[in-house]
Number of protein chains: 2
Amino acid sequence: MIEEDRDRAEHVAGGGLLHRRALLTAAMVSAGGLITNAAAAGGAAPASMLKPGAPLSGYGTRASSGAAVQRIVPKLSFPGSGSSRTPLHLLEGTITPNGLHFERHHNGVPDIDPAQHELLVHGLVRQPLLFRYDDLLRYPRHSRILFVECSGNSSAIGAPQPVQVSAGQLNGLLSCAEWTGVRLSSLLEEAGMAPQATWVQAEGADAAAMTRSIPLSLCLDDAMIALFQNGEPLMPSQGLPMRLLLPGMEGNASVKWLRRLKLMAAPALSREETAKYTDLRTDGKADLFSLRMGVKSIILRPSFGLDLRGRGYQEISGLAWTGRGRIRSVEVSADGGASWAEAALDGPILPAALTRFRMPWHWNGAPAVLMSRATDQTGAVQPQRAAWIARYGVGQGYHSNAIQAWGVDAQGRVAHVYA
Amino acid sequence: MIEEDRDRAEHVAGGGLLHRRALLTAAMVSAGGLITNAAAAGGAAPASMLKPGAPLSGYGTRASSGAAVQRIVPKLSFPGSGSSRTPLHLLEGTITPNGLHFERHHNGVPDIDPAQHELLVHGLVRQPLLFRYDDLLRYPRHSRILFVECSGNSSAIGAPQPVQVSAGQLNGLLSCAEWTGVRLSSLLEEAGMAPQATWVQAEGADAAAMTRSIPLSLCLDDAMIALFQNGEPLMPSQGLPMRLLLPGMEGNASVKWLRRLKLMAAPALSREETAKYTDLRTDGKADLFSLRMGVKSIILRPSFGLDLRGRGYQEISGLAWTGRGRIRSVEVSADGGASWAEAALDGPILPAALTRFRMPWHWNGAPAVLMSRATDQTGAVQPQRAAWIARYGVGQGYHSNAIQAWGVDAQGRVAHVYA
């Protein structure tokens, strides 16, 4: 009875949410199997101890067992165009392995020899310049951990009925890596910017000639020409030999296979910044160049396909991020938003990077509705889905950062719900 | 002349070291090629724009071009035993891709099905416990970016003459990743520690039965049972299904393929903690259980095999780390230690993680000797090689954290030197 009271005292919100300090002790889990003959258990050498293992290798590979996590590739896609998604619900932490970083290509992955690639800086400049890959390697570099999110990520949240897919399928146009490269401002300053230059058009060397206009102010802020991802040269699917990287902005603007930067007095208003990547509102107007990603969080565990395996202690875990600096806090609700408790955040909490949150939860077997709500350093709070729909209507697919919800039934099955 | 004076004013130490703020502007590089016909340069579409590229894939791969960096695998090694090294000199930032994390196996890489693996906690405990992989997935997790360094790393610095190999060959028993797992203290508390328990013996399920004794205090501090590396389940070569991870300690103690933890009243004094991984001193005594790695830094660029390609601006770049918290500063010398200047550090600077340092340098074509010297938050300073040799003698191969030096000749060729 006393034990029960103490347990109750640690509850900080409805539905069984515990204080985040409970993550520091695992006494509530007790998942270890009791054994009576430890000597026998420890003495039985497994097969792996009976013969030498595999040799050294030049590039490590993953296990052939079910542990080999794959990107989510659609069964049908237009030749050359499409996207694969990071299986976020099967991953941990915040760093995405390079092989699992989401892909979005508009005409396939080009095969470019870095030694043959050139980057042209031209337009409203004092002197047009041409940079080879080796030229760029001579410039000062810097490294930053940054998320990349496609602005079409989580667009299914705009569907009339909640689609029943995994959290990775729903939100996996999102990844995070340590990027290293050259400051874009260095190259622009070297070329010399004309006073009337206010926009930069970036073009990729892929067969779609992916082209986006970017305000010059963003290019002079913290934009990077990225050459390395998680330490190694970019993979072809991430833009080898070089890509633009705009911290906190929609992924599409971080043009891959970058070959051209043109300084201009106005945006080009290309297809990918007018017909596409533009947010039509219910009032009939559209948000153009809404490049900066909003504050957002998603619960990855539990989620659709990752049902609860029994009552008692569970860790609710997910990711939070914002295009406006750092995440300040993430709150979690287990009762559909009636009450909220603050989650623990794994450090370091970095600007324009993913932040992992964790919330201890005692599930008593009753149906529950799980939600997460992030707040960033500017005080911006992730919106309710209803507010989102009121602004953009059903079916608008860009820049969705609305709160998502997972319903848990009495059997522990998890479903995507609107709450 | 005025230009030259301004340039000179920015020099902060001998041999052409510039103030680290010079990294923020690249005006001194000017590597971009001037062009007179920008329209023609931008108009010539490369082959990659003329046909659709490759399709989406479940797990991204690297380019087939020379950009595919490999681990350094020795030509000869004993069957089942050996090490491969991270090619640090070819990488950037601080995160090591999982496929490039160094390997050290004592009898090869076992192939273990996580579903069949068990972890036994026994010895001086109230109740022996057996944990399956799925059991551990129920416990609270946390993520941390941590280095792992073999205590035999950089042992070549103890050779009588400087060996001429790459910085990766010399120092590549060092990697860094974001690890996610369960606190070891949780499992020990659940089993219940007897009052006389002061050591924990960890055993791997490999064919060497790698076994190390670790002070219980370290296990109750921040030790982790790691299940994920850079987001994905561990690779077999890194310990799938689970490994011990002791932040800041020598890699050998972070036992891979962990199958057994035995609480004891004294260390087992096994082969790997007496005959091996023990530091024999010139006074005839040996340092046992010198688990915590010392403060250290290495210059990776320029380095042997990465010669300078001409006079003028260069970025000197490398890594610093310590087993005692965070790196406080890294100083660089271009005149063999006569004068030093403080390098810029890429954030975040995390405890027991790698920190990337960068130093702008104007090379005037004269011979130079480059060195780096790290200081950690405890005030510990990386020792000179001479002090190191005085303590341990020539040929002692463990825990070498002595200052290293690269000599640059008038042709820009880089050689390993003792200075």
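Because the structure is predicted, anything quoted here is derived from the model rather than measured.

Caption draft 1: Spotlight on the overall build of chain A. The secondary structure content of chain A amounts to seven helices and 26 strands. Principal axes of the C-alpha set define a box for chain A whose edges measure 80 × 65 × 40 Å. Counting the 419 residues in chain A, one finds 61% classified as buried. Considering only intrachain contacts with a sequence separation of at least 6, the fraction spanning at least 24 residues in chain A is 72%. Surface summary for chain A: the accessible area is close to 15200 Å², and the carbon and sulfur share equals 54%. Of the side-chain charges in chain A, 40 are positive and 35 negative, and the distance between the mean point of each set is 2 Å.

Caption draft 2: Seen up close, the confidence of the model for chain A. Residue and element names in this part refer to chain A. Chain-level pLDDT for chain A is 92 on average; 95% of the residues reach the 70-or-more range. Of the regions scoring below 50 in pLDDT, residues 1-6 engages in zero contacts with residues more than four places distant in sequence or in other chains. Reported for the predicted complex are a pTM of 0.95 and an ipTM of 0.95.

Caption draft 3: Just the interface of chain B and chain A, in detail. Taken together, the 112 residues of chain B in the interface contact 113 residues of chain A. In this assembly, chain B packs against chain A so that about 8700 Å² is buried in total across both faces, 58% of it on carbon and sulfur atoms. Per-residue buried area on chain B facing chain A is highest for Met49, Leu56 and Arg138 of chain B; these three make up 9% of the total on that side. Counting every contact that joins chain B to chain A gives six salt bridges. Residue Arg62 of chain A pairs with Glu232 of chain B through a salt bridge whose shortest N-O separation is 3.2 Å. In this structure, the connection of chain B to chain A is made through 42 residue pairs in polar contact (both at pLDDT 80 or more). Looking at the side of chain B that touches chain A, its residues break down into 51 nonpolar, 38 polar and 23 charged.

Caption draft 4: Just the layout of surface pockets, in detail. In this structure, the largest pocket encloses a volume near 990 Å³. Considering the residues around the largest pocket, the lining is formed by 31 residues, among which Leu306 and Arg309 of chain A together with Asp134, Leu137 and Arg141 of chain B are closest to the centre. By residue class, the composition of the lining of the largest pocket is 15 nonpolar, five polar and 11 charged. A volume near 850 Å³ is recorded for the second largest pocket. Leu137 and Arg141 of chain A together with Arg301, Leu306 and Arg309 of chain B are the residues nearest the centre of the second largest pocket, which is lined by 31 residues in total.

Caption draft 5: Representation of the sheet that holds strand E11 (residues 211-215) of chain B in the model. Taken in spatial order, the six strands of this open sheet run E3(A)-E7(B)-E6(B)-E15(B)-E10(B)-E11(B), and their pairing is mixed. If you trace the sheet from one side to the other, it starts and ends with strand E3 (33-34) of chain A together with E11 of chain B, each paired once. Here four bridges tie strand E6 (residues 118-123) of chain B to strand E7 (residues 129-132) of chain B, and the two strands are oriented antiparallel to one another. When the bridges of E7 of chain B are listed, Leu119 of chain B appears paired with Phe131 of chain B. Of the strands in this sheet, E6, E7 and strand E15 (258-264) of chain B touch helix H5 (residues 184-191) of chain B, which is tilted by about 140° from E7 of chain B.

Caption draft 6: Molecular detail of the relation of the copies chain B and chain A. Least-squares fitting of chain B to chain A yields an RMSD of 0.0 Å, with the transformation described by 0.0 Å of translation along the axis and a rotation of 180°. One copy is carried onto the other by what is essentially a two-fold rotation axis. Both copies contact each other with a shared surface, as 100% of the interface residues of chain B are interface residues in chain A too.

Caption draft 7: Local environment of the sheet that holds strand E10 (residues 199-204) of chain A. Strand order in the open sheet formed by six strands is E11(A)-E10(A)-E15(A)-E6(A)-E7(A)-E3(B), and the pairing between neighbours is mixed. Each end of this open sheet is capped by a strand with a single partner; those strands are strand E11 (211-215) of chain A together with strand E3 (33-34) of chain B. Inspection of the sheet shows strand E7 (residues 129-132) of chain A paired to E3 of chain B by two bridges, in the antiparallel sense. For Leu130 of chain A, the partnering residue across the bridge sits in E3 of chain B and is Gly33 of chain B. In this fold helix H5 (residues 184-191) of chain A packs onto strand E6 (118-123), E7 and strand E15 (258-264) of chain A, with an angle of close to 140° to the strand it touches most, E7 of chain A.

Caption draft 8: Focus on the pattern of salt bridges. Under the definition given, this model contains 46 salt bridges over all chains. When the shortest N-O distance is used, the salt bridge between Arg71 of chain B and Glu103 of chain B registers 3.3 Å. With a gap of 32 residues between them, Arg71 of chain B in the loop between helix H2 (38-43) and strand E4 (82-84) and Glu103 of chain B in strand E5 (residues 103-105) connect regions that are remote in the sequence. When sorted by exposure, Arg71 of chain B lands in the same class as Glu103 of chain B, which is buried. The closest approach of N and O atoms between Glu203 of chain B and Arg260 of chain B, which form a salt bridge, is 3.0 Å. In this pair, Glu203 of chain B sits in strand E10 (residues 199-204) while Arg260 of chain B sits in strand E15, placing the two residues 57 residues apart along the sequence. The class for Glu203 of chain B is buried, based on a relative accessible area of 9%. The exposure class of Arg260 of chain B is buried, given its relative accessible area of 13%. Salt bridges linked by common partners bring Glu92, Arg301, Glu315, Asp346, Arg356 and Arg358 of chain A together with Arg141 of chain B together as one network.

Caption draft 9: Region of the structure containing the side chain of Ser303 of chain A. Residues and elements named next belong to chain A. The residue Ser303 is located in the loop between strand E18 (296-301) and strand E19 (312-321) in this model. Taking relative accessible area as the criterion, Ser303 reaches 0% and is therefore assigned buried. Excluding anything up to four places from it in sequence, Ser303 contacts His89, Ala167, Trp406 and Val414.

Caption draft 10: Layout of helix H7 (residues 385-392) of chain A. Residue and element names in this part refer to chain A. Within H7, the full set of buried residues consists of Arg385, Trp388, Ile389 and Tyr392. Down the axis of H7, the buried side of the element spans an arc of 95°, and every buried residue falls inside it. Exposed residues on H7 whose side chains face more than 90 degrees from its buried face are Ala386 and Ala390. Looking at the buried side of H7, the elements it contacts are strand E16 (279-280) and strand E17 (286-287).

Caption draft 11: Geometry of the packing of aromatic side chains. Per the counting criterion, the structure on display carries 12 aromatic pairs over all chains. Its end group placed over the ring of Trp340 of chain A, Arg373 of chain A keeps NZ or CZ at 4.0 Å from the ring centre. The ring of Tyr59 of chain A has Arg62 of chain B sitting right over it, with the charged end atom 3.6 Å from the ring centre.

Caption draft 12: Looking closely at the side chain of Arg259 of chain B. All names here are of chain B. Among the secondary structure elements, Arg259 is positioned in strand E15. The exposure class of Arg259 is buried, given its relative accessible area of 8%. Here the side chain of Arg259 touches Glu203 through a polar contact of 2.5 Å, side chain to side chain.

Reading guide: rules and limits
- Residues numbered from 1 in each chain as written.
- Chains lettered and ligands numbered in written order.
- Predicted model: local features only at pLDDT ≥ 70, side-chain atom pairs only at ≥ 80, totals over all residues.
- Heavy atoms only, no water.
- Helix = DSSP H or I, 4+ residues; strand = E, 2+ residues; numbered from the N terminus.
- Buried < 20%, exposed > 50% of the residue type's maximum accessible area, 1.4 Å probe, protein only.
- Contact = heavy atoms within 4.5 Å.
- Areas by Shrake-Rupley, 256 points an atom, 1.4 Å probe, with all protein chains shown as cover.
- Lys, Arg positive; Asp, Glu negative; His and termini not counted.
- Charge placed at Lys NZ, Arg CZ, Asp CG, Glu CD.
- pLDDT = per-residue confidence, 0-100.
- Buried area = accessible area lost by both parts, 1.4 Å probe.
- Salt bridge = Lys/Arg side-chain N within 4 Å of Asp/Glu carboxyl O.
- Polar contact = N/O pair within 3.5 Å; in protein donor to acceptor, adjacent residues only side chain to side chain.
- Nonpolar A, V, L, I, M, F, W, Y, C, P; charged D, E, K, R; others polar.
- 1 Å grid on protein atoms, 1.4 Å probe; cavity = no way out; pocket = protein on both sides within 12 Å on 5 of 7 lines; lining within 4 Å.
- Points joined across faces, edges and corners; volume = space filled by probe spheres on them.
- Pairing = 2+ DSSP bridges.
- Axes fitted to C-alpha atoms, helices over the stretch in contact; angles between N-to-C directions.
- Least-squares fit on C-alpha atoms with pLDDT ≥ 70 in both.
- Arc of directions from axis to C-beta.
- Phe/Tyr/Trp six-rings, centres within 6.5 Å; stacked < 30°, edge-to-face > 60°.
- Lys NZ or Arg CZ within 6 Å of the ring centre and 35° of its normal.

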